[in-house]
Amino acid sequence: LSPDTGQRGWGYRAQGTMVAGPKATPRVVRQLIVVGTDAGEVIALPAAGWNQVPPAGPAWSRRLLGAVGGEFAVTEILTGEIHQVSAIVPCEDGGLYCLDVATGASRWVRRRDGPFRRLPTVAGARVSARSLHRMEVVDRRTGELSWPSTEGKGLEGLADYEFALSAYTGDDRRAYLDMGGRRVVRADGRTGKRLAAADLSVFDHVIPTGNANLLLAVTEDGHMVAFQ
C-alpha cells in the first residue's frame, strides 16, 4: 500500500490464512517479505514498493508438516564475509525450523513432543522457544541443545528453566527468563541453572531486548526502568 494514501499497489494470495508476519528481512542480496500460514506455508516475496513492478511470484516457498504455530524470529549471523540470515519458525508439527531466508532451505530442525506456538527469542548464541510442555534452548547455528534437557524423563522432572515461557535477554554469563506474570528468573548463561528470581509485577510490561543484556520494564503511565 502507498504509505501516503493507502492506495493498493500489489498483492499476493496464499492458500492458507496468514498467522505469522509479514516480516521484512535484512538484505541478503535482496530484501524479502516473509509470511507463514495455517496451511504450513512459509512464503518469501521480493520487497517491491507499492508503485514498483509487482513480484511475479514468491522468491521461494516452503511447506512444513503442520501449520505455522505463531510468529517467527529473524536472526543474523555474520562470520567474516559470510552473512547468514535465518527465520526461526515454530510449527504445530512439533518442529522448530531454522530456514535460510535467501532460499528457504533448512539449516536445522529441532523436534519435540508437542507443538511450538510462541515467538522464539534469540539472545546471544542461543534460541529459546516454548513447546507444549517445556522451553527449549538451542544453539542458533546448529540447533543442538545449549542447556541440558529433561526430554523423556516426564513432566515431573522438568528443570527450572523448562517452565519458562521465553527468554528476555542473555549471553554466555547470564540469561533472564519469563516465568509468566512478570516473574523473572536469572539463570546461568552456560547451563540454565536458576540463580535468582524477582517479581516485576509493579510494571505493566517487561520488554525482551535480545542481545542487549538488559531487562527493560515499563508502566503504562510512562515510566521506564532498565536493569542490567
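Everything numeric here is computed off the predicted structure, so don't read it as measured data.

**Things to note about the overall build of the protein chain**
Here comes step 1: A tally of helices and strands in the protein chain yields zero helices and 18 strands.
Here comes step 2: Over its C-alpha trace the protein chain gives a radius of gyration of 19 Å, about what one expects of a compact globule, namely 17 Å for 228 residues.
Here comes step 3: Counting only C-alpha atoms, the protein chain reaches 55 × 45 × 40 Å along its principal axes.
Here comes step 4: Here the protein chain holds 228 residues, and the buried ones make up 44% of them.
Here comes step 5: Look at the contacts in the protein chain between residues 6 or more apart in sequence, and 38% of them connect residues 24 or more apart.
Here comes step 6: Of the roughly 11700 Å² of accessible surface on the protein chain, 50% is carried by carbon and sulfur atoms.
Here comes step 7: Positive and negative side-chain charges in the protein chain, numbering 27 and 25 respectively, have mean positions lying 3 Å apart.

**Some remarks on the pairing of strand β3 (residues 41–46)**
Here comes step 1: β3 sits mainly inside the fold: six of its six residues count as buried.
Here comes step 2: Bridge count for strand β2 (residues 32–37) against β3 is five bridges, and the pairing is antiparallel. Paired with Leu32 across the bridge in β3 is Pro46.
Here comes step 3: Where β2 folds back on β3, the antiparallel hairpin that results is connected by three residues, among which Gly40 adopts a positive phi of roughly 85°.
Here comes step 4: Bridge count between β3 and strand β4 (residues 60–63): four bridges; the pairing is antiparallel. Among the inter-strand pairings, Glu41 is bridged to a residue of β4, identified as Arg63.

**So, the sheet that holds strand β16 (residues 205–207)**
Here comes step 1: Strands sit in the order β16-β17-β18 across an open sheet of three strands; the sheet is antiparallel. Here the strands that pair on one side only, and so sit at the sheet edges, are β16 and β18 (224–227). Shown here is a sheet whose adjacent strand axes are inclined to one another by a mean of 25°, direction ignored.
Here comes step 2: Pairing analysis gives three bridges linking β16 to strand β17 (residues 215–218), with the strands arranged antiparallel. Along β17, the bridge assignment pairs His205 with Val218.

**Considerations on the nonpolar core**
Here comes step 1: Counting residues in each nonpolar core, the largest one holds 17 residues, and the members touching the most others are Val42, Leu64 and Val89.
Here comes step 2: Here this core gets three residues from one element, more than from any other, and that element is strand β6 (residues 82–90).
Here comes step 3: In this structure Val42 touches Val34, Val35, Gly36, Trp60, Ser61, Arg62, Leu64, Val68, Val89 and Leu99, once residues within four positions along its chain are discounted.
Here comes step 4: With ten residues, the next largest nonpolar core counts Ala73, Leu96, Cys98 and Val138 among its residues.

**Regarding the sheet that holds strand β1 (residues 18–24)**
Here comes step 1: One open sheet holds the four strands; their spatial order is β1-β2-β3-β4, and the pairing between them is antiparallel. Edge positions in the sheet fall to β1 and β4, since each of these pairs with one other strand and no more. With strand direction ignored, the average angle separating the axes of adjacent strands in the sheet is 10°.

**Examining unusual backbone geometry**
Here comes step 1: The amide bond that connects Gly21 to the next residue, Pro22, takes the cis arrangement and shows omega of 0°.
Here comes step 2: By the secondary structure assignment, Pro22 is in strand β1.
Here comes step 3: A positive phi angle, close to 60°, is found at Arg182, a residue other than glycine.
Here comes step 4: Here Arg182 lies in the loop between β13 (174–178) and β14 (183–188).
Here comes step 5: A residue is classified by how much of its surface remains accessible, and Arg182, at 30% relative accessible area, is partly exposed.

**Section: the side chain of Ser149**
Here comes step 1: Position of Ser149 relative to the elements: it lies in the loop between β11 (135–139) and β12 (166–170).
Here comes step 2: One polar contact links Ser149 to Glu162, side chain to side chain, over a distance of 3.5 Å.
Here comes step 3: Non-local contacts of Ser149, meaning those with residues more than four positions away in its chain, are made with Arg112, Arg134, Glu136, Tyr161 and Glu162.

**Considering the state of the cysteines**
Here comes step 1: Tallied over the full model, the rule gives zero disulfides.
Here comes step 2: Free of any disulfide, Cys91 has its nearest neighbouring cysteine sulfur in Cys98, separated by 14 Å.
Here comes step 3: Classification of Cys98 as buried rests on a relative accessible area of 1%.

**Considering the pattern of salt bridges**
Here comes step 1: A complete count under the given rule lists eight salt bridges for this structure.
Here comes step 2: Through salt bridges that share partners, Asp113, Arg134 and Glu162 make up one connected network.

Criteria and cut-off values
Residues numbered from 1 in each chain as written. Predicted model: local features only at pLDDT ≥ 70, side-chain atom pairs only at ≥ 80, totals over all residues. Heavy atoms only, no water. Helix = DSSP H or I, 4+ residues; strand = E, 2+ residues; numbered from the N terminus. Rg over C-alpha atoms; globule rule 2.2 N^0.38 Å. Buried < 20%, exposed > 50% of the residue type's maximum accessible area, 1.4 Å probe, protein only. Contact = heavy atoms within 4.5 Å. Areas by Shrake-Rupley, 256 points an atom, 1.4 Å probe, with all protein chains shown as cover. Lys, Arg positive; Asp, Glu negative; His and termini not counted. Charge placed at Lys NZ, Arg CZ, Asp CG, Glu CD. Pairing = 2+ DSSP bridges. Axes fitted to C-alpha atoms, helices over the stretch in contact; angles between N-to-C directions. Core = buried A, V, L, I, M, F, W, Y, C linked by side-chain atoms within 4.5 Å. Polar contact = N/O pair within 3.5 Å; in protein donor to acceptor, adjacent residues only side chain to side chain. Disulfide = S-S within 2.5 Å. Salt bridge = Lys/Arg side-chain N within 4 Å of Asp/Glu carboxyl O.

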